[in-house]
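One-letter residues, chain by chain:
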Amino acid sequence: MRLNGEISHKEDEEDEEEKQSGVLQPERLVVGYALTSKKKKSFLQPKLEILARNKGISFVAIDQNRPLSDQGPFDVVLHKLSGMEWCKIIEDYRQKHPEVTILDPPDAIKHLHNRQSMLQDVADLNLSDCNGKVRVPRQMVITKDSLSIPDQVFEAGLKLPLVAKPLVVDGSAKSHELFLAYDRFSLSELEPPMLLQEFVNHGGVLFKIYIIGETIKVVRRFSLPNVSKRELAKVVSVFRFPRVSSAAASADDADLDPGIAELPPRPLLERLARELRHRLGLRLFNIDMIREHGMRDVFYVIDINYFPGYGKMPDYEHIFTDFLLSLEQSKCRKRPATAA
Ligand SMILES: O=P(O)(O)O[C@@H]1[C@@H](OP(=O)(O)O)[C@H](OP(=O)(O)O)[C@H](O)[C@H](OP(=O)(O)O)[C@H]1OP(=O)(O)O
Ligand SMILES: Nc1ncnc2c1ncn2[C@@H]1O[C@H](COP(=O)(O)OP(=O)(O)O)[C@@H](O)[C@H]1O
Ligand SMILES: [Mg+2]
Ligand SMILES: [Mg+2]
């Protein structure tokens, strides 16, 4: 089963872009970037830089050892760095340079640093028209006192198995260390603060919904297999599980049960993306979504990531450069016409 994603750019167009790579285009947009070396490597690939150059976009590395206001001028600042210090730098810069587009505002990004607050807008949305329902798994936050976790879980009425996730996502490997708990007593072994979320059986396939401005692309990834009632009754433990879904291998070409692999309905995704873009105030993010096993139209959002691994998204070079140019165009439209 293949994706129904639109391939919007033809091969001859790409050949033309390659041919033009030696031709100097007038510079239309300067994008200052502040990224980790890992992000730079996965995102700023040569193909993106060449295509951008051909469209008049240049990427300039921000020197973190020099004041940001002394650098540039930039039309856009693209950033993904952790730490309060960087947040403050970028916020100050934003206030002083309202003419520069910041992708994205640090306050909006902060909302995704907590696994509980990241899903709040999805829960508030309560999406149930548009050919499907979008929910958030039942969950609770544990802030302290490991020994009382079994009682807290019992009182909250959460159903096993549970996924235990570090509450804070800060880009560290530790913040992606997740556990699957088959019984509530084993949860005492884990370290708060954490989010406990009901595990939703979804047939081992996850949908990554990438958003770049107005564009939405969906890919399938492998995920955790279903947990059967028998297994649940038998196992008494908590297991750490690997980062299955961020593996480079995509599930798009695998021979999967259509009831599991069928992509979520387009109108549902469009509504969800539009609402979240607006409510979160972000233009660059992705959503991890699963379909409840055996339910064609019931979906759960389990994770939202700021400026995710676009390098793994098909056609990201074209989509991202077009998005950057659209920012410039919308600025021009907003600028008042000056008298001649
Ligand atoms: O490194 P990649 O390409 O796997 O991207 C990571 C994302 O993978 P994905 O695009 O969803 O497959 C990854 O998504 P998941 O949390 O694994 O769903 C995160 O966005 C991660 O950022 P951070 O560690 O949370 O700050 C992303 O890491 P950074 O590239 O931002 O460091
Ligand atoms: N509630 C859940 N039900 C079923 N599987 C889940 C659930 N939460 C997480 N998972 C699985 O664990 C993976 C990682 O969880 P996620 O919340 O996306 O954390 P991360 O930010 O580290 O990617 C998901 O991609 C999915 O495979
Ligand atoms: Mg995830
Ligand atoms: Mg994540």
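Right above here is the structure, for reference.
What this report covers is the structure whose coordinates are included nearby. Quick caveat, the model's predicted, so the values are computed rather than measured. (Residues numbered from 1 in each chain as written. Chains lettered and ligands numbered in written order. Predicted model: local features only at pLDDT ≥ 70, side-chain atom pairs only at ≥ 80, totals over all residues. Heavy atoms only, no water.)

1. Some points on the coordination of the magnesium ion (ligand 4)
What counts here: Only nitrogen, oxygen and sulfur atoms qualify as donors, and only when within 2.8 Å of the metal (3.2 Å in the case of Na, K and Ca); with water excluded, sites may look incomplete. The buried label goes to any residue with under 20% of its type's maximum accessible area, the exposed label to any with over 50%, and the partly exposed label to all in between, with areas taken from a 1.4 Å probe on protein chains only.
For the magnesium ion (ligand 4), the protein coordination sphere consists of D303 (OD) and N305 (OD1), at 2.1 to 2.2 Å. Between the magnesium ion (ligand 4) and the magnesium ion (ligand 3), both coordinated by D303, there is a metal-metal distance of 3.6 Å. Residues D303 and N305 agree in their burial class; the two are buried.

2. Thoughts on the side chain of E198
Applicable threshold: Starting at the N terminus, helices and strands are each numbered in turn, a helix being any DSSP run of H or I of at least four residues and a strand any DSSP run of E of at least two. N or O atoms closer than or at 3.5 Å make up a polar contact, with two conditions inside protein: a donor-capable atom paired with an acceptor-capable one, and, for residues adjacent in sequence, both atoms drawn from side chains.
Looking at the secondary structure, you find E198 in strand β9 (residues 194-198). A distance of 2.7 Å separates a polar side-chain atom of E198 from the backbone nitrogen of K159.

3. Description of the sheet that holds strand β4 (residues 101-103)
This is how the line gets drawn: One requirement defines pairing of two strands: DSSP has to find at least two bridges between them. Interaxial angles span 0 to 180 degrees and are taken between N-to-C directions of axes, which are lines fitted to C-alpha atoms, for helices over the stretch in contact. In what follows, a contact means two residues having at least one pair of non-hydrogen atoms within 4.5 Å.
Strand order across the open sheet formed by four strands is β2-β1-β3-β4, with parallel pairing between neighbours. Because the sheet does not close on itself, it has two edges, and the strands there are β2 (57-61) and β4. Across the sheet, the mean angle from the axis of one strand to that of its neighbour is 25°, orientation sign disregarded. Of the strands in this sheet, β1 (29-35), β3 (76-80) and β4 touch helix α4 (residues 84-96), which is tilted by about 165° from β3.

4. Re the site of ligand 1
Here is the rule: Each residue is tested against the molecule or strand, and it is near if at least one of its non-hydrogen atoms lies within 4 Å. Areas reported here follow the Shrake-Rupley algorithm with a probe of radius 1.4 Å; residue values treat only the protein chains shown as occluding. The nonpolar class holds Ala, Val, Leu, Ile, Met, Phe, Trp, Tyr, Cys and Pro. Asp, Glu, Lys and Arg form the charged class, and all remaining residues, Gly among them, are polar.
Surveying the vicinity of ligand 1 reveals 19 residues, the closest of which are K38, K80, K208, R243 and G309. Interatomic distance of 2.7 Å between a side-chain N/O atom of K38 and an oxygen atom of ligand 1. Separating an oxygen atom of ligand 1 from a side-chain N or O atom of K80 is a distance of 2.7 Å. For ligand 1, whose accessible area on its own is 610 Å², the fraction buried by protein is 88%. Looking at the shell around ligand 1, the elements with two or more residues in it are α2 (37-43), β10 (205-212), β13 (284-291) and β14 (298-306). A per-class count over the shell around ligand 1 returns four nonpolar, six polar and nine charged.

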